[in-house]
Each structure stands twice: as C-alpha cells, then as structure tokens.
Amino acid sequence: MPVPLFDTRTPLQPFWHELTAKAVEVLDAGSYILGPEVEAFEREFAAYLEVGHAIGVANGTDALTIALRALGVGPGDEVVVPSFTFYASAEAIPPTGARPVFCDVDPETACVTAETVRAALTPRTKAVIVVDLFGNVAPIEEIAALGIPVVEDAAQAAGARGPGGRRAGTLGAVGTFSFFPSKNLGAFGDGGAVVTDDAEIAERVRMLRFHGSRDKVSFELVGYNSRLDELQAALLRVALPHLDAWAHGRRAAAALYEAEGLGEHVGLPVTVEGAEPAWHLYVIRDQRADELAAALKAAGIGQKAYYRVPTHRQPAMAQWAPGTELPATEELARTHLAIPMSPVLSEAQAAEVVAAVRGAK
Ligand SMILES: Cc1ncc(COP(=O)(O)O)c(C=O)c1O
C-alpha cells in the first residue's frame with residue numbers, strides 16, 4: 001500500500017461543500033481585496049491565538065519581512081536566524097536592508113536554543129528569527145530573555161502550543177504564519193499572517209502591507225502590496241475551527257509511529273520541553289538517510305529530505321556566511337528525512353511505513 005508524504009485533501013473532504021459554497025459567496029459579493037472576510041478572519045485568528053492583533057498578508061515570507069520592518073529592522077542591522085529551516089526564513093531578511101547571521105540548532109529538537117542564539121549575537125543584532133521547525137515549538141522564553149526582540153516564524157506550527165499552553169506564534173514580540181496549501185492551516189493558494197499583542201507594531205504591519213499607507217491617500221512608509229486575498233480569508237475561516245482537531249490528528253499519527261516501534265530503527269522527532277507540537281512534517285534522523293529514502297521510495301512510501309543543503313550554504317546566502325560553522329546543522333542536514341504525516345494518517349498506514357523502514361535496515 002503506497003503512503004503519500006502529505007494528505008491535504010482527505011481532512012477537507014467533510015467540509016468540501018461548505019468551502020465551495022463559501023467561494024461562490026465571495027465571487028458573488030464582488031469584494032476581493034481587504035473586505036469583510038479578511039477582517040473577520042483576522043478577528044477569528046486573533047481570538048483563536050488569544051493575541052491582540054492578527055493581520056493577513058500575502059504569504060509567510062512577506063510576513064517575516066514586514067514583521068522585521070515593523071520592529072524597526074533596517075540597513076546596518078543584523079538578524080539572527082537558524083540555517084536549518086526553509087530558505088525563506090533567511091531570505092526575508094535582506095529586503096529590509098539588514099544582514100542574516102546564521103546560528104546553529106539543538107541536534108535533537110532541530111530548533112534554536114538560547115545558547116545557539118547567544119553565540120551569534122553582536123552589538124548590531126536587532127532581532128532574532130526563531131523558527132518553530134516541523135511544528136515543534138522552540139524555547140522562546142529563554143531566547144527572549146537574551147533581550148533581543150524575537151520574531152517567531154510559526155509557518156510550520158499552526159495548532160501547536162508552547163509552555164503554559166500559549167499558542168505557537170504568540171510567544172515572541174511578533175509571530176508569523178504561512179497558509180501555503182500544505183501547511184497545518186492551508187489556504188487554496190498563498191497566504192500569511194503577522195500576529196502581535198503590540199498595538200503600535202500591529203499598526204505598522206497594517207500600513208506596510210498596504211504600500212505604507214493608512215488611507216491610500218497619504219503614503220508614510222515605503223511598504224509592500226502584500227494582502228491576504230478575500231477569497232483565501234473566506235476559505236481559511238471555514239478551515240480554522242478544525243485546526244485543533246487536525247493538530248491532534250498529527251500528534252496521534254506520531255504516537256502511532258512510536259507504538260509501531262519506529263524508534264527502534266531511526267531517531268524520532270524530539271519535542272522541545274514544555275511544547276505540545278503540531279507535527280507539520282514528521283522528520284526522523286538516520287545516519288544513512290539517502291539509502292533509507294531510496295528504499296522507502298521503492299516501497300511506495302513518501303519521503304523527502306527538505307534541507308540537505310542548509311540555508312547558510314545556499315548560493316544566495318554564502319555572502320553572509322563566510323567561515324560560518326554550524327555542526328548540528330550540518331549533521332541534521334545530512335541525516336534528516338521526512339516521512340508521511342497528516343492529520344488522518346491511519347494505523348494501517350503507520351504500520352506500512354514502519355514495516356518499510358524495518359525492511360530497509
Ligand atoms: C519555516 C518557514 N518559514 C517561512 C515560510 C514561507 O512561507 P510562504 O511559502 O508562505 O512564503 C515557510 C514555508 O513555505 C516555512 O516553512
């Protein structure tokens with residue numbers, strides 16, 4: 001039985017009629033940019049997160065750039081960011097005029113720690129981008145205690161919780177989300193959000209996403225055209241009430257892998273202390289990850305090495321990483337492998353995946 005890496009369609013099946021009806025409603029309403037659906041989604045997403053403000057933007061990459069700009073990051077500044085993440089976490093920095101400074105991660109959780117961030121700080125550090133990688137939740141309180149504003153890149157962690165039950169995305173000064181279709185809360189195209197408790201930051205984010213203007217008459221900042229579409233917002237409103245159940249399904253899928261004995265064969269994902277993850281990707285570690293990937297592929301099991309070349313060694317980033325040495329990042333880049341994960345992964349599918357892993361050993 002083949003098992004796909006993702007299953008974005010099955011979880012939506014029970015709501016398909018609601019989604020298509022909503023899409024028609026928006027088309028009929030004729031308001032497509034920053035209308036009532038975006039406003040309602042922003043209100044509902046903020047309420048879900050228990051945060052003061054949520055602002056819809058065009059995607060998770062813009063969300064990061066705009067969050068940094070709203071914090072006052074600009075030319076001459078440095079922003080610390082992990083290298084072991086999706087490229088966009090770092091790519092969002094240079095458009096502000098600041099330079100990325102790459103830090104290492106914990107070799108087990110794959111998230112940054114206060115120690116790895118501290119090692120990258122300089123007097124020019126203006127912000128830290130902390131990534132809740134794979135749906136884990138990084139130890140943000142400890143990192144925030146270093147005294148530098150934290151931008152929490154929660155693109156992969158919608159539905160997760162940090163210590164004290166606080167929602168992923170609300171643990172730093174500003175949080176950012178991506179609603180890319182395969183994400184935990186996926187749209188039907190691109191989308192993103194910036195969230196914060198700080199009213200002034202929220203106001204700057206609102207201006208920045210709209211050409212630096214409050215009223216389309218006076219333009220106070222050089223901003224962006226980066227808005228969440230009305231149609232995407234409307235569809236996200238249908239999905240949002242199900243996010244917690246899906247996150248639960250992702251944790252249940254992880255528990256199935258454990259119960260099937262996957263940990264006897266490969267390194268399992270390690271939860272950051274105090275976190276309740278919402279596994280966006282289920283990423284195992286193995287010294288011969290490429291061989292394992294080939295065997296799984298032959299057995300019809302979805303698998304992918306997402307970050308074999310870590311961000312600081314990508315051609316466009318090399319200029320900001322001369323002599324950068326990140327041993328845990330290099331080790332994880334070599335050994336990680338994502339295997340199937342979805343909110344609806346069945347016991348039979350988990351057993352099939354674990355049998356294929358066992359057979360490859
Ligand atoms: C950790 C991380 N940050 C940022 C992004 C960028 O989001 P988007 O693709 O919506 O621009 C993504 C996903 O694509 C991501 O996984």
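Because the structure is a prediction, the values reported are computed rather than measured.

J.: Tell me about the site of the ligand, residues and numbers included.
T.: Lining the immediate surroundings of the ligand are 13 residues, of which G60, T61, D153, S178 and K183 lie closest. Contacts to the ligand include T61, whose side-chain N or O atom sits 2.5 Å from an oxygen atom. Within the side chain of D153, a nitrogen or oxygen atom sits 2.7 Å from a nitrogen atom of the ligand. Summarising the interface, the protein chains cover 92% of the accessible area of the ligand, which totals 380 Å² for the free molecule. Of all the secondary-structure elements, those providing two or more residues to the shell around the ligand are helix 3 (60–70) and helix 4 (88–91). Residue composition of the shell around the ligand, by class: four nonpolar, seven polar and two charged.

J.: I'd like a description of the environment of P82, backed by residues and values.
T.: Along the chain, P82 falls in strand 2 (residues 78–82). Given a relative accessible area of 2%, P82 falls into the buried group. Note: C-alpha distance between P82 and T311 (229 residues apart in sequence) is 8.2 Å. Ignoring any residue separated from it by four or fewer positions in sequence, one finds P82 in contact with F102, C103, V105, V112, I129 and V131.

J.: Describe the environment of V174, with residues and values.
T.: The topology assignment puts V174 in strand 6 (residues 174–178). Exposure remark for V174: the relative accessible area of 0% places this residue in the buried category. Those residues in contact with V174 that sit more than four places away from it in its chain are A67, L71, V150, V151, E152, G169, V194, V195, T196 and I201.

J.: How would you sum up the pattern of salt bridges? Please name residues and give values.
T.: Summed over the entire model, instances satisfying the criterion amount to 18 salt bridges. Here R124 makes a salt bridge to E78, at a shortest N to O gap of 3.1 Å. One end of the pair, R124, is in the loop between helix 5 (114–118) and strand 4 (125–131); the other, E78, is in strand 2, with 46 residues separating them in the sequence. Relative accessible area serves as the criterion here: at 47%, R124 is assigned to the partly exposed category.

J.: How would you sum up the packing of aromatic side chains? Please name residues and give values.
T.: This structure, assessed with the given rule, holds 13 aromatic pairs. Centre to centre, the rings of W279 and Y282 are 6.5 Å apart; their planes meet at 80°, and the pair counts as edge-to-face. Taking the relative accessible area as the measure of exposure, Y282 reaches 1% and is therefore buried. The rings of F41, F45, Y48, F177 and F179 are connected pair by pair, giving a single aromatic cluster.

J.: Explain the pairing of strand 3 (residues 99–103) residue by residue, including any values.
T.: With four of its five residues buried, strand 3 lies for the most part within the structure. As paired elements, strand 2 and strand 3 share five bridges and run parallel to each other. In the sheet register, E78 faces strand 3, and the bridge partner there is R99.

J.: Kindly report on the environment of E331, identifying the contributing residues and their values.
T.: Examined against the element boundaries, E331 turns out to sit in helix 11 (residues 327–335). On the basis of relative accessibility, which here comes to 35%, the residue E331 falls in the partly exposed class.

J.: Could you give me a rundown of the nonpolar core, with the residues and numbers involved?
T.: A general feature of soluble globular proteins is that nonpolar side chains tend to end up buried together. If you look at the biggest cluster of nonpolar residues, it comprises 117 residues, and the most contacted ones within it are F45, F179, L185 and L262. Beyond its immediate sequence surroundings of up to four residues, F45 is in contact with A54, F177, F179, L185, A193, V195 and L240.

Criteria and cut-off values
Residues numbered from 1 in each chain as written. Predicted model: local features only at pLDDT ≥ 70, side-chain atom pairs only at ≥ 80, totals over all residues. Heavy atoms only, no water. Near = heavy atom within 4 Å. Polar contact = N/O pair within 3.5 Å; in protein donor to acceptor, adjacent residues only side chain to side chain. Areas by Shrake-Rupley, 256 points an atom, 1.4 Å probe, with all protein chains shown as cover. Helix = DSSP H or I, 4+ residues; strand = E, 2+ residues; numbered from the N terminus. Nonpolar A, V, L, I, M, F, W, Y, C, P; charged D, E, K, R; others polar. Buried < 20%, exposed > 50% of the residue type's maximum accessible area, 1.4 Å probe, protein only. Contact = heavy atoms within 4.5 Å. Salt bridge = Lys/Arg side-chain N within 4 Å of Asp/Glu carboxyl O. Phe/Tyr/Trp six-rings, centres within 6.5 Å; stacked < 30°, edge-to-face > 60°. Pairing = 2+ DSSP bridges. Core = buried A, V, L, I, M, F, W, Y, C linked by side-chain atoms within 4.5 Å.

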